[in-house]
Amino acid sequence: MQIQNLINNNFLLFDGAMGTMLQEKGLKGGELPEGYNIHSPEIVYEIHKKYIEAGADVVTTNTFGANRLKLKDSPYSVEQVIKEAVKIAKKAARGKLVALDIGATGQMFQPFGTLSFNDAYDIFKEQVIAGREAGADIILIETISDLYEARAAILAAKENSDLPVFCTMTFQENMRTLMATDPMTMVEVLEGLGVDVLGVNCSLGPKQLQPIIDKILDRATIPVMIQPNAGLPKLVDGETVYDLTAPEFAEEIRYMAEKGVTVFGGCCGTDPEFIKAVKDNLRNLKPRRLQNKKLTTACSSKKTVILGESVKVIGERINPTGKKKLKEALVKNDIDYIISEAIAQKETGSDILDINLGLPEIDEKEMMRKAIIELQSIIDLPFQIDSVKVDVIEEALRIYNGKAIINSVNGKASSMEKIFPIAKKYGACVIGLTLDEEGLPKTAEKRVEIATKIIETAKTYGIPEENILIDCLVLTASAAQEAVMETLRAIPMIKAKYNVKTVLGASNVSFGLPNRKIINSTYLTLALGYGLDAPITDSTSESLMDVIRAFKVIVNQDKQCKEYIEFYSNLPKEEGKKKEIGRNLKEIVIAGMKDEAKIKTKELLETKVPMEIVDSHLIPALDVVGEKYERGEMFLPQLIRSAETVKRAFEVIKEKLIVEGQNRISKGRIILATVRGDIHDIGKNIVKILLENYGFEVIDLGKDVPIEEIVNTARKENIKLVGLSALMTTTVQSMEETIKELRKNGIDCSIMVGGAVLNREYAEMIGANYYGKDARESINIAKRFFNV
């Protein structure tokens, strides 16, 4: 393909900001930028033309917000806007490439928000089809802060077109996206989904993005793209400007090119002058080809686990086989029990969780879907999808927000034909079981032969060795004692031949024997010595975890014995005694167990008054979560989950208050609004959730809120604190105008502002009293303001 050759052998230069240029042409705060494709196409054409004249190889259509959510209150359809936008871009491009621009929906995904994965997919699908039919050359998915949203958009692009897919995400200065994805995880997941180019856009200036680019380049094997802002924003004479000149911007870009970035462009604040400077600065450079690092990884949306660097534990407890309580929970649709099992395994040392929900009495596919959505909102460990049903595996892979492991495929042709296509499509690792049409082999050599067949067949589907894990399958010592060591002999033989990792359900060896614990521990020790990378085992078993911790010390995987010393130095005095004590309400909130929170709150209300529960249990729990968030030990999704858990407890408390003649808990009343012209209310909604669960009463005016509505509501409700949010540079002006109108109308209130395009200096310049750099800081502001 022409574009593939272009990006593999040359620098590719995209254009710069569209919004910045439209503002120069008269775009007003709150006005729909995409509307210019219809009523003022000549303006859009001139902008594209200037970028082409500056040296851009690709022009990006004026369709960043051309989705059904943003256009629903406009007179335009998605198809109409995109058709005209592509037409204008192609005319201006004069044979150069045209990229269909697809921005974020601005909505929070379930379970944190209301937008489902499938609804998001349909939104993106509509855009992709319109762009494909209009003649776009590339699909550019950009300014994405949630890996889940990127997943939905990429699947929509790849399933509804054959165009190259470029995807860039936005990162914060903590080197994570808003929803806590780190650069390495982004690379692993997006490459697995088959994008052609990945990278970063918007977020920050190029200087601030250098460390993030370093992390991406350390893992990426496909071309990397960067479209930074023109530095950081500030207000000069009432106008938003950025602090980098075009030459300064281009110099940072050149530094990135020298490190290995090959696709460039500009975001907020950039213009044709910036693109020309980049073009000139890259003239004498040659692209650096990135090397394949060939690591075996599994990812959640927040964490990447590398297999092979040290022993990793795959927790096996979420499997109903032989587990009466789990079977009962599945039949009762008790997701909280599954969550509690997942948390217990994480706390006891599991690195990856096997999820098997196969039970004849239930709809396994639906239960798997529900469990994955709930579990991934709480647990930051990668998942291993375990089922004998292909449709269950595919459903789980589709909605899983990460890079999963499939458990499993085997050497039978029918098995490989079913599993390998979906493993390739979703970028999953896959466990290969060394059995085939002839059954389970007795010798190591036969296991190697079957593993070879699995690995070589996987390659024909485009699945690399590093995405294969081999399970050499242990027989029970009670029934096939002479074959038990053949399993272990096969492990180093396979690893010597291929770059694959190995897993093993080692506890099968003791089936049918007394004192299984000693057999399991001994066999696990031997297996690790033979090169086993990841035992599939029960991490709540102290004896098995003792073996693993000791082994990691002896073979120099646990450097300076750090993990070993930390664990055994902190053991309780009554070592070895398991305590089956239920979690208290504070622990339940921190863990994010919603249904358990309601049950525990009802129990507490039998002996405690409502406000004692709020002040002594719920608020302290949120404070702990907030402190962990600030230290980087927990991330935004977990913060939201804990807040939602408190919400469930509050529902019970409010019922009690109503019975007692009280109707609300309020530590202060606050207006929240996303300003006029901006439909992105993710940040506002996150702040709302946290404020309400700290006991504040929130008047949520929604998104794209007219200035007069904010002013009138503040006056009518006598509001003393107003929170304003804006994500886009084109709507920050609306924020400033809103603040001016509040002051002009004599509204006696303080104003806090937040949003991706703001910083503290900028907030002060537009007249705000407070700057909420994140949701946690917004809570601190409210607590200080209302003195609670």
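What you see is a predicted model; the values in this text were computed from it and never measured. (Residues numbered from 1 in each chain as written. Predicted model: local features only at pLDDT ≥ 70, side-chain atom pairs only at ≥ 80, totals over all residues. Heavy atoms only, no water.)

Draft legend 1. Structural view of the overall build of the chain. The helix and strand inventory of the chain stands at 32 helices and 25 strands. Since a compact globule built from 788 residues should have a radius of gyration of about 28 Å, the 28 Å found for the chain is in line with a globular shape. Judged by the C-alpha coordinates and their principal axes, the chain covers about 85 × 70 × 50 Å. Within the chain, the proportion of its 788 residues that are buried is 61%. Relative to all contacts within the chain whose residues are 6 or more apart in sequence, the contacts with residues 24 or more apart total 76%. (Helix = DSSP H or I, 4+ residues; strand = E, 2+ residues; numbered from the N terminus. Rg over C-alpha atoms; globule rule 2.2 N^0.38 Å. Buried < 20%, exposed > 50% of the residue type's maximum accessible area, 1.4 Å probe, protein only. Contact = heavy atoms within 4.5 Å.)

Draft legend 2. Spatial organisation of the pattern of salt bridges. Counting across every chain of the model gives 48 salt bridges. Among the charged side chains, a network of salt bridges with common partners joins Glu159, Arg398 and Lys425. (Salt bridge = Lys/Arg side-chain N within 4 Å of Asp/Glu carboxyl O.)

Draft legend 3. The arrangement of the packing of aromatic side chains in detail. Enumeration over the complete set of coordinates arrives at twelve aromatic pairs. Taking 5.8 Å as the distance between ring centres and 55 degrees as the angle between the ring planes, the aromatic pair formed by Phe11 and Phe264 counts as tilted. Placement of the pair is Phe11 in the loop between helix H1 (2–9) and strand S1 (12–13) and Phe264 in strand S10 (residues 263–264), with a sequence separation of 253 residues. When sorted by exposure, Phe11 lands in the same class as Phe264, which is buried. An angle of 85 degrees between the planes, with centres 4.8 Å apart, marks the rings of Phe567 and Tyr568 as edge-to-face. Since its relative accessible area comes to 33%, Phe567 is described here as partly exposed. By relative accessible area, which is 23% here, Tyr568 ends up partly exposed. Among the aromatic residues, those joined into a cluster by ring pairs are Phe696, Tyr770, Phe785 and Phe786. Here Lys91 stacks its cationic end above the ring of Tyr45, 5.0 Å away from the centre of that ring. The positively charged end of Arg398 is found above the aromatic ring belonging to Tyr121, 5.0 Å away from the centroid. (Phe/Tyr/Trp six-rings, centres within 6.5 Å; stacked < 30°, edge-to-face > 60°. Lys NZ or Arg CZ within 6 Å of the ring centre and 35° of its normal.)

Draft legend 4. Representation of the packing of helix H14 (residues 335–347) against helix H15 (residues 364–376) within the structure. Close contact between H14 and H15 brings their axes to 10 Å; oriented N to C, the two are set at 55 degrees. In this view, H14 runs oblique relative to H15, as classed from their interaxial angle. For the pair H14 and H15, the sense of crossing is right-handed. Taken together, the residues of H15 that come into contact with H14 (itself represented by Ile335, Ile338, Ile339 and Ala342) are Met367, Lys370, Ala371, Glu374 and Leu375. Broken down by class, the residue content of the contact of H14 with H15 amounts to seven nonpolar, no polar and two charged. (Axes fitted to C-alpha atoms, helices over the stretch in contact; angles between N-to-C directions. Parallel < 35°, antiparallel > 145°, perpendicular 65-115°, else oblique. Left-handed = near helix turned anticlockwise from the far one by under 90°. Nonpolar A, V, L, I, M, F, W, Y, C, P; charged D, E, K, R; others polar.)

Draft legend 5. Seen up close, the nonpolar core. By size, the foremost hydrophobic cluster in this structure holds 216 residues, and its most contacted members are Phe264 and Leu691. Ranked by residue count, the leading element in this core is helix H27 (residues 636–659), at ten residues. If near-sequence neighbours (up to four positions away) are discounted, Phe264 is found in contact with Phe11, Leu12, Leu13, Phe14, Ile226, Gln227, Ile253, Met256, Ala257, Val278 and Leu282. (Core = buried A, V, L, I, M, F, W, Y, C linked by side-chain atoms within 4.5 Å.)

Draft legend 6. The side chain of Asp471, seen in detail. Checked against the element boundaries, Asp471 lands in strand S18 (residues 468–471). Lacking a salt bridge, the buried Asp471 has Arg447 as its closest oppositely charged neighbour, with an N-O distance of 7.6 Å. Dropping the residues within four chain positions of it, Asp471 is found in contact with Ile431, Gly432, Leu433, Thr434, Val503, Leu504 and Gly505. (Lys, Arg positive; Asp, Glu negative; His and termini not counted.)

Draft legend 7. Highlighting unusual backbone geometry. A cis amide bond, omega 5 degrees, links Gln110 with the succeeding residue Pro111. Along the chain, the position of Pro111 falls in the loop between strand S3 (97–102) and helix H7 (117–134). With a phi angle near 60 degrees, Asn333 is a residue other than glycine that sits in the positive phi range. Here the phi dihedral of Cys561 falls at roughly 55 degrees; this positive angle occurs in a residue that is not glycine. By secondary structure assignment, the location of Cys561 is in the loop between helix H22 (542–554) and helix H23 (562–569). Owing to a relative accessible area of 29%, Cys561 belongs among the partly exposed residues under this scheme.

Draft legend 8. Main features of empty space enclosed by the protein. Here the structure, examined in full by the defined rule, presents four cavities of 30 Å³ or more. Lining the largest cavity are 14 residues, and of these Phe112, Asp146, Tyr148, Ser301 and Asn401 lie nearest its centre. Along the lines of polarity and charge, the residues of the lining of the largest cavity split into seven nonpolar, five polar and two charged. (1 Å grid on protein atoms, 1.4 Å probe; cavity = no way out; pocket = protein on both sides within 12 Å on 5 of 7 lines; lining within 4 Å. Points joined across faces, edges and corners; volume = space filled by probe spheres on them.)

Draft legend 9. Fine view of a negative patch on the surface. Where like charges cluster on the molecular surface, the negative patch consists of Asp243, Glu248, Glu761 and Glu764. Note on placement: Glu764 falls in helix H31 (residues 760–765). A relative accessible area of 56% means that Glu764 is categorised as exposed. (Patch = residues over 30% accessible without salt bridge, like charges linked within 9 Å, V, L, I, M, F, W, Y side chains within 5 Å. Areas by Shrake-Rupley, 256 points an atom, 1.4 Å probe, with all protein chains shown as cover. Charge placed at Lys NZ, Arg CZ, Asp CG, Glu CD.)

Draft legend 10. Fine view of the confidence of the model for the chain. Mean pLDDT for the chain: 92, with 97% of residues reaching 70 or above. Predicted confidence is poor over residues 574–580, with pLDDT under 50, and the contacts of this stretch with residues over four places away or in other chains come to three contacts. (pLDDT = per-residue confidence, 0-100.)

Draft legend 11. Region of interest: the sheet that holds strand S14 (residues 352–355). An order of S13-S14-S15-S16-S17-S18-S19-S20 is seen for the eight strands of this closed barrel, with the pairing classed as parallel. Between one strand axis and the next, the sheet turns by 30 degrees as a mean value, whatever way the strands run. Where S18 lies against strand S19 (residues 501–504), three bridges are found, and the strand directions are parallel. The residue bridging Ile470 from the neighbouring strand is Thr502, located in S19. (Pairing = 2+ DSSP bridges.)

Draft legend 12. Geometry of helix H10 (residues 206–219). An ideal rise of 1.5 Å per residue puts 20 Å on 14 residues; H10 measures up with 20 Å between its terminal C-alpha atoms. Its maximal kink placed at Ile212, H10 deviates by approximately 35 degrees. When H10 is considered as a whole, its buried residues turn out to be Pro206, Leu209, Gln210, Ile212, Ile213, Ile216, Leu217 and Arg219. In this structure, the buried side of H10 is in contact with helix H9 (183–192), strand S6 (197–202), strand S7 (224–228) and helix H11 (246–259). (Expected span 1.5 Å × (residues − 1). Bend = angle between axes of the 7 residues up to and from the residue.)

Draft legend 13. The arrangement of the environment of Val503 in detail. Counting through the fold element by element, Val503 comes out in strand S19. Given the relative accessible area of 1%, Val503 is considered buried. Every residue in contact with Val503, bar those within four places of it in the chain, is listed here: Ile314, Ile431, Leu469, Ile470, Asp471, Cys472, Leu532, Ala534 and Ile536.

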